[in-house]
Amino acid sequence: MKVALFVPCYIDQFYPNVAIATLELLEKLGCEVVYPLNQTCCGQPMANSGFEHLSKDCDNNFVDNFKGFDYIVSPSGSCTLHIKQHLHGADNQASTHIRQHIYELSEFLTDVLKVEKLEAKFPHRVGLHQSCHGQRGLKLAQMSELVAEPFSKTERLLNMVEGLSIVTLDRKDECCGFGGTFCVLEEAISVKMGKDRITDHTKHEAEFIVGSDVSCLMHMEGIMKRQGSSMKVKHIAEILNSPLTPRGGI
Amino acid sequence: MKTFIDHATASTVFNKDEAHVNWHDETLWFVRSKRDKAVFQIPEWEQLREAGSQIKNHVLSNMHDYLVAFEKKATENGITIHWAADAKEHNEIVYKIIADTAPQPPEGELKSDSKTPPLGVGGLRMVKSKSMLTEECHLNEFLKEKGVEVIDSDLGERIVQMREEPPSHIVLPAIHLKKSDVGETFHKHLGTEKGATDPQYLTEAARQHLRDTFLTRKVALTGVNFAIAETGGFVVCTNEGNADMGVHLADVHIACMGFEKIIPKVEHLGVFLRLLARSATGQPITTFSSHFHKPREGQKMHIVIVDNGRTKQLGRPDFRNSLKCIRCAACLNTCPVYRRSGGHSYHTAIAGPIGSILAPNLDMAQNADLPFASTLCGSCSNVCPVKIDIHDQLYKWRQVLVQEGHVPTVKKLGIQSMASVLSSPIFYRTAGKLGRFLMKNTPFVTNNNLNVWYQQRDMPDVPKESFREWFIREKGKK
Ligand code: SF4
């Protein structure tokens, strides 16, 4: 199975380990992974700020890089959702194909690879921050507002990891306040939301905040570092890819 | 005109008192949790929402016919119908009804030289229960200038009215205040003991004060929750019974409604009354759901049907379904931004997510900041009992506001350069490398007060290479 890896810009620049873990994990699970070298960004930062019309070149570049693959996988719910909803390159057919074949990592593992077990170990208490775009946009998990049976693709995968336990948060799907350019345009609220989200995790003695969107994690990590918190953030790819025998500490 | 402070600035001020923000957030979260408990008891909740949504969609597509049918029936029932194109016309109609009802022509008594006449002279007095429409139209200010004394009979609204503040929430108007604030206000206006904070004591004082109002006012104004085309009747929902108290004791009942309040049939109340209170407060139904059909003997009844921008919104394909709103406030209670910024930061009669998609329709320049006061988390759309795609509309308003030139130039330039960086692979890689180089070697460039991110958050650690660089090094070898 030929899979193209889409690494969002801030992961590429600031969290390369997340992309490396995603790549290794997919390869471990038998995928042939291609990383198109001229990729940049999904265009979301512009579009969410009201400048969708400026993201045309970005869209075309995306299509040039990702056309013709069976699947495109990305370790970000938010960027995946944006492509799914808003990618409109000049090449219509290719754009449509991409929109229909792009998957967020845990979605891909669950729905396409149908992963039932994983060889991974992460003996820690973690809190799951199910980012809004992944959850409410991609429907990776049941939303607390809707009357329906609970499920969570991400949680199901995490439960396959040896030694890991998931704490129960007071507000299971409250937004962390990152919100793209919101994080600087509405700095006061953004930070307050982040602090409250972190408090929910510390209150339940989580050692890690785990999520499928690096942008949210980066925001909360920034606040935690400033607070001098001992809690850390981890992307699910790093956990699902963590070896049974550690390679030398986390 | 009030001076205009944008949402981000007002929120920064609100967040100076973190303990109060926590209280505000937790109180509204408690209401959201009550809503969750109530709706999870109804297995068919999602179907009920779908039904509510479909009925409202149908009404929006047949608005003209239903309004005409409603007018006909209501008129047959002896109700006088007035049509108001905008807020000004609405206010003038209401004033005229009050003036016509006043025992003596007010002119005789208005000899005072001061610009604003004394309130209530010549019987120019009215008691009013909750109506967000009259807030939208700034009716109280208008009537005050005309010398009409208006007393709001909803407890929360009465409190903010005494403080000369607008409501901060469409269902819980005084939710931004602490008990001590209310105590102080009552001390000043109702003569309660200084420093009193006991809710029982304060409520009793308000009750006595309002009782006197109910007994002496000849004109009572109410809002309308649902107007039924089939019967020409309407329903007003309250928890305090204040709407009924007002109108039962008055000679004239004025009911004001935005035209979107119309529903086709009585049986549809079986959907909306179930949706409304559960979504609003987690109650199965409001304590009072009062049905009005015709004036009682000797009473006059008026309905003012208001457009005030609604036709325009109905004509915007992307935003028309915001008119499905039944004003339950569930989207405010669930909104993580609203809970932490308070209603006044939205500088518009209707705060929160729904207010942010309604307000730009009325004035884009004034409300351009509101669609940006959201992380687009989507919780609002999920709780909305009539399934308005609120967060998608926030996104769409952003596009419209930018296209229409309502976003400050600085931001525009920043986004434009971002767009050119991110659409060019080579430019992007150079910029990324440069950015990481600067962050690592000259942290003061990014770690300073001009960098808004850094004020309360650290920057991410800088890796020595990007993923792409790692990939080429590792995999390029093969
Ligand atoms: S938009 Fe929906 S949730 Fe918000 S107040 Fe209106 S009906 Fe209620």
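Residues numbered from 1 in each chain as written. Chains lettered and ligands numbered in written order. Predicted model: local features only at pLDDT ≥ 70, side-chain atom pairs only at ≥ 80, totals over all residues. Heavy atoms only, no water.

S.K.: Just checking my understanding: could you explain the interface of chain B and chain A for this structure?
M.R.: Quite often, the size of an interface is put as the accessible area lost when its parts meet. With 77 residues of chain B at the contact, the number on the chain A side is 68 residues. Carbon and sulfur atoms supply 60% of the area buried between chain B and chain A, which totals about 6500 Å² over both sides. Taken together, the connections running from chain B to chain A amount to 10 salt bridges. R340 of chain B is the partner of E174 of chain A in a salt bridge, and the nearest nitrogen-oxygen pair spans 3.0 Å. Our enumeration of links across chain B and chain A arrives at 32 residue pairs in polar contact (both at pLDDT 80 or more). The dominant element in the side of chain B that touches chain A, judged by the number of residues it contributes, is helix α2 (residues 18-40) of chain B, at 11 residues. Classifying every residue of the side of chain B that touches chain A by side-chain character gives 35 nonpolar, 20 polar and 22 charged. (Contact = heavy atoms within 4.5 Å. Buried area = accessible area lost by both parts, 1.4 Å probe. Salt bridge = Lys/Arg side-chain N within 4 Å of Asp/Glu carboxyl O. Polar contact = N/O pair within 3.5 Å; in protein donor to acceptor, adjacent residues only side chain to side chain. Helix = DSSP H or I, 4+ residues; strand = E, 2+ residues; numbered from the N terminus. Nonpolar A, V, L, I, M, F, W, Y, C, P; charged D, E, K, R; others polar.)

S.K.: It is not clear to me how the domain arrangement of chain A should be interpreted in this structure. Could you clarify?
M.R.: All names here are of chain A. We note that the domain assignment places domain 1 (2-112) and domain 2 (125-240) within chain A. The C-alpha centroid of domain 2 is placed 22 Å from the C-alpha centroid of domain 1. Facing the 25 residues of domain 1 at the interface are 21 residues of domain 2. Summing both partners gives a buried area of about 1900 Å² for domain 1 against domain 2, and 66% of it is carried by carbon and sulfur. At the junction of domain 1 and domain 2, the tally comes to eight residue pairs in polar contact (both at pLDDT 80 or more). For the side of domain 1 that touches domain 2, the elements supplying multiple residues, two or more each, are α1 (9-14), α2 (16-28), α3 (44-48), α5 (77-86) and α7 (105-112). Considering only residue class, the side of domain 1 that touches domain 2 consists of 10 nonpolar, 11 polar and four charged. (Domains from an automatic or database assignment.)

S.K.: Please clarify how the pairing of strand β4 (residues 219-222) of chain B should be interpreted in this entry.
M.R.: Moving residue by residue along a regular strand, the side chains alternate between the two faces of the sheet. Residues and elements named next belong to chain B. Of the two faces of β4, both are covered, the one formed by V219 and L221 as well as the one formed by A220 and T222. With two bridges connecting them, strand β2 (residues 125-128) and β4 associate as parallel partners. Counted as the bridge partner of V127 is A220 from β4. In this sheet, strand β7 (residues 252-258) lies alongside β4 in parallel orientation, the contact comprising four bridges. For T222, the partnering residue across the bridge sits in β7 and is A255. (Buried < 20%, exposed > 50% of the residue type's maximum accessible area, 1.4 Å probe, protein only. Pairing = 2+ DSSP bridges.)

S.K.: What is the right way to read the environment of L124 of chain B from this model?
M.R.: All names here are of chain B. Relative to the elements of secondary structure, L124 occurs in the loop between α5 (87-101) and β2. For L124, a relative accessible area of 1% puts it in the buried group. Along the backbone, L124 and T101 are 23 residues apart, and their C-alpha atoms lie at a distance of 8.4 Å.

S.K.: Which parts of the structure should I look at to understand the site of the ligand?
M.R.: In the neighbourhood of the ligand, the contacting residues comprise C325, I326, R327, C328, A329, C331, I354, C384, P385, V386, I388 and I390 of chain B. Put simply, the ligand lies in the second largest cavity. (Near = heavy atom within 4 Å. 1 Å grid on protein atoms, 1.4 Å probe; cavity = no way out; pocket = protein on both sides within 12 Å on 5 of 7 lines; lining within 4 Å. Sits in = over half its atoms within 2 Å of the grid points.)

S.K.: Could you clarify how one ought to interpret empty space enclosed by the protein in this entry?
M.R.: Leftover empty space is mapped by rolling, across the atoms, a probe with the size of a water molecule. All names here are of chain B. A complete count under the given rule lists four cavities of 30 Å³ or more for this structure. If you go around the largest cavity, you meet 19 residues; those closest to its centre are C335, P353, S374, C380 and L394. Of all the secondary structure elements, the ones that give two or more residues to the lining of the largest cavity are α15 (336-341), α16 (352-362), α18 (379-383) and α19 (390-403). For the lining of the largest cavity, the element with the most residues is α16, which contributes three residues. Per-class residue counts for the lining of the largest cavity are 11 nonpolar, eight polar and no charged. Roughly 90 Å³ of volume is contained in the second largest cavity. Forming the walls of the second largest cavity are 14 residues, and the residues nearest its centre are C325, C328, C331, C384 and P385. Tallied by class, the residues present in the lining of the second largest cavity amount to 13 nonpolar, no polar and one charged. (Points joined across faces, edges and corners; volume = space filled by probe spheres on them.)

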